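Listed here are the chains, written in short residue letters.
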Amino acid sequence: MTEPERAEQVVLAYLADVGEAAYGRLPHRRRVAFIGDLRSRINAACAAAGARSPEEVRKVLRQFGDPEDVVDRACREDGNGNGAGNGNGTAGGNGNGAGGGGDGDGDQVLWAGSKRPMPEHRVHREPPPWRGGPDRGLLRGASSGRSARRRRANGGTGPGPFDRVRHNPAEAFTVVIYLCTGLIGAISLLWPVGAVLVVLSRVWARRDQWIAVAVPIAATVVGMVLWQGEAPYVDQVIMGSLLSTGVIGLRVAAVACGLYLAVRLLRGVDAS
């Protein structure tokens, strides 16, 4: 790998860390735009500083700050109604931050404006969860464990449930459809509308989509099989079993899936 390629890997690793820190805290489109704008500013800063080697690029990235701090600023700016692209994009860009230029403990180089050390560059790293990285369990939410631990250590709480609902209104509406079609029998057959919204959404993980679509269908089929009525024709059997016991299975599964999606949304599920 050539030196420019290794320098590019340093930038990509930094952007991946920022994306991982933003996962579950910024909505998908906002996160993509934010990372794209950040990369443009990093490229401009590297060009202005003439940074071409990995070491020179790391010095430039140090001025942008710790990925967690970068995302924290973006979240605060969102709360104030400002886009991330309007921020300064650097933390302690004048180099006066804590531990500047490797003045921290030992030979560790600290992020500008932070007491946390810069990690060593890793060419081979696990991809973030929205790109097929390791799964963290069924209901553990989308925010990475490392990011959550850092936020707790810094006294931060991250976005609350109301913020997640506000950033994902279509997904919140989908949860309402699932719960209403399960609890209100008169509209139970409108469940396919919610299923279509789940499939079209770019927020739910693929596993969530499979659960939200397959479980109600399977429950409906089971309910229809348990129907004990009789009818002379196949179409009458299908319709009778669907409206009698099949809809019961559909309603139970719709409520269960609605609660599951609600938990996933409130705990920080985001685009994958």
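This one's a predicted model, so the numbers in the text were calculated from it and none came from an experiment.

Peer 1: I keep staring at the nonpolar core and nothing clicks. Help me out?
Peer 2: Soluble, globular proteins show a tendency: their nonpolar side chains are buried together. Residues Y14, F34, L38, I42 and V57 are the most contacted members of the largest nonpolar core, which totals 24 residues. Among the elements of the structure, α1 (3-22), α2 (28-49), α3 (54-64) and α4 (67-79) are those that each provide at least two residues to this core. By residue number, the principal contributor to this core is α1, which donates 8 residues. Within the second largest apolar cluster, 15 residues are counted, among which are A172, Y178, W191 and L265.

Peer 1: Please explain the confidence of the model for the protein as it appears in this structure.
Peer 2: Segments scoring low in pLDDT should not have their predicted coordinates read at a detailed level. For the protein, per-residue confidence averages 76 on the pLDDT scale, and 69% of positions sit at 70 or higher. Here residues 81-106 is a poorly scored stretch, pLDDT under 50, and it has 50 contacts once near neighbours within four places are set aside; other chains count.

Peer 1: It is not clear to me how the packing of aromatic side chains should be interpreted in this structure. Could you clarify?
Peer 2: Centre distance and the angle of the planes are the two values used to describe a pair of aromatic rings. In the structure shown here, the tally under the stated rule is 1 aromatic pair. Ring centres 6.3 Å apart and planes at 80° place the aromatic pair Y178 and W191 in the edge-to-face group. Taken together, the positions of Y178 in helix α7 (residues 169-183) and W191 in helix α8 (residues 191-200) put the pair 13 residues apart, joining distant regions of the chain.

Peer 1: Explain a nonpolar patch on the surface to me, please; I cannot follow it from the model alone.
Peer 2: On the surface, L189, M239 and L243 cluster together into a nonpolar patch covering about 300 Å² of accessible area. As for its placement among the helices and strands, M239 is situated in helix α10 (residues 234-266).

Peer 1: Looking at this structure, how should I read the UniProt feature "transmembrane region" (unreviewed entry) in the protein?
Peer 2: Within the UniProt annotation, "transmembrane region" (unreviewed entry) is assigned to residues 175-198, 210-229 and 241-263. Here residues 175-198 is 71% helix and 0% strand, with 9 Å between the C-alpha atoms at its ends. Each end of residues 241-263 is marked by a C-alpha atom, and these two atoms are 32 Å apart; helix forms 100% of the span and strand 0%.

Peer 1: Honestly, α3 in this entry has me stumped. Any pointers?
Peer 2: Because each turn of an α-helix spans 3.6 residues, side chains separated by three or four positions end up pointing in the same direction. Most of α3 is tucked away: 8 of the 11 residues are buried. If you check which residues of α3 are buried, you get P54, V57, R58, V60, L61, R62, Q63 and F64.

Peer 1: Just to check I follow, could you spell out the packing of α7 against α10 for this structure?
Peer 2: The geometry of a pair of packed helices is captured by two quantities: the angle between their axes and the separation between those axes. At a minimum axis distance of 7 Å, the contact between α7 and α10 shows a crossing angle of 155°. One finds that α7 runs roughly antiparallel with respect to α10. Seen from above, α7 lies across α10 with left-handed handedness. For the pair formed by α7 and α10, the contact residues are E171, A172, V175, Y178, L179, T181, G182 and L183 on the first element and R251, A254, V255, C257, G258, L259, L261, A262 and L265 on the second.

Peer 1: So what exactly am I meant to see when it comes to the packing of α1 against α2 here?
Peer 2: Relative to each other, α1 and α2 sit at 150°, their axes nearing to 11 Å. As judged from the angle between their axes, α1 and α2 are roughly antiparallel. As for the relative orientation of α1 and α2, their crossing is right-handed in sense. Note on element contacts: α2 touches α1 through R31, F34, I35, L38, R39 and I42, opposite E8, V11, L12, Y14, L15, V18, G19 and A22. Residue classes in the contact of α1 with α2 are distributed as 10 nonpolar, 1 polar and 3 charged.

Peer 1: Quick question: what am I supposed to make of the pattern of salt bridges here?
Peer 2: Inspection of every chain in the model, using the stated rule, returns 5 salt bridges. R25 serves as the salt-bridge partner of E68, at 4.0 Å between the closest nitrogen and oxygen. Taken together, the residues E68 in helix α4 and R25 in the loop between α1 and α2 connect sequence positions 43 residues apart. Across this residue pair, the class does not change: E68 and R25 are buried.

Peer 1: For this particular structure, what's the right way to read the environment of V57?
Peer 2: With respect to the secondary-structure elements, V57 resides in helix α3. For the pair V57 and V11, spaced 46 residues apart in sequence, the C-alpha to C-alpha distance is 7.4 Å. The contacts of V57, once residues within four sequence positions are left out, are A7, V10, V11, C46 and A51.

Definitions and cut-offs
Residues numbered from 1 in each chain as written. Predicted model: local features only at pLDDT ≥ 70, side-chain atom pairs only at ≥ 80, totals over all residues. Heavy atoms only, no water. Core = buried A, V, L, I, M, F, W, Y, C linked by side-chain atoms within 4.5 Å. Buried < 20%, exposed > 50% of the residue type's maximum accessible area, 1.4 Å probe, protein only. Helix = DSSP H or I, 4+ residues; strand = E, 2+ residues; numbered from the N terminus. pLDDT = per-residue confidence, 0-100. Contact = heavy atoms within 4.5 Å. Phe/Tyr/Trp six-rings, centres within 6.5 Å; stacked < 30°, edge-to-face > 60°. Patch = residues over 30% accessible without salt bridge, like charges linked within 9 Å, V, L, I, M, F, W, Y side chains within 5 Å. Areas by Shrake-Rupley, 256 points an atom, 1.4 Å probe, with all protein chains shown as cover. Salt bridge = Lys/Arg side-chain N within 4 Å of Asp/Glu carboxyl O. UniProt positions renumbered as here; feature names shortened; annotations may be inferred. Axes fitted to C-alpha atoms, helices over the stretch in contact; angles between N-to-C directions. Parallel < 35°, antiparallel > 145°, perpendicular 65-115°, else oblique. Left-handed = near helix turned anticlockwise from the far one by under 90°. Nonpolar A, V, L, I, M, F, W, Y, C, P; charged D, E, K, R; others polar.

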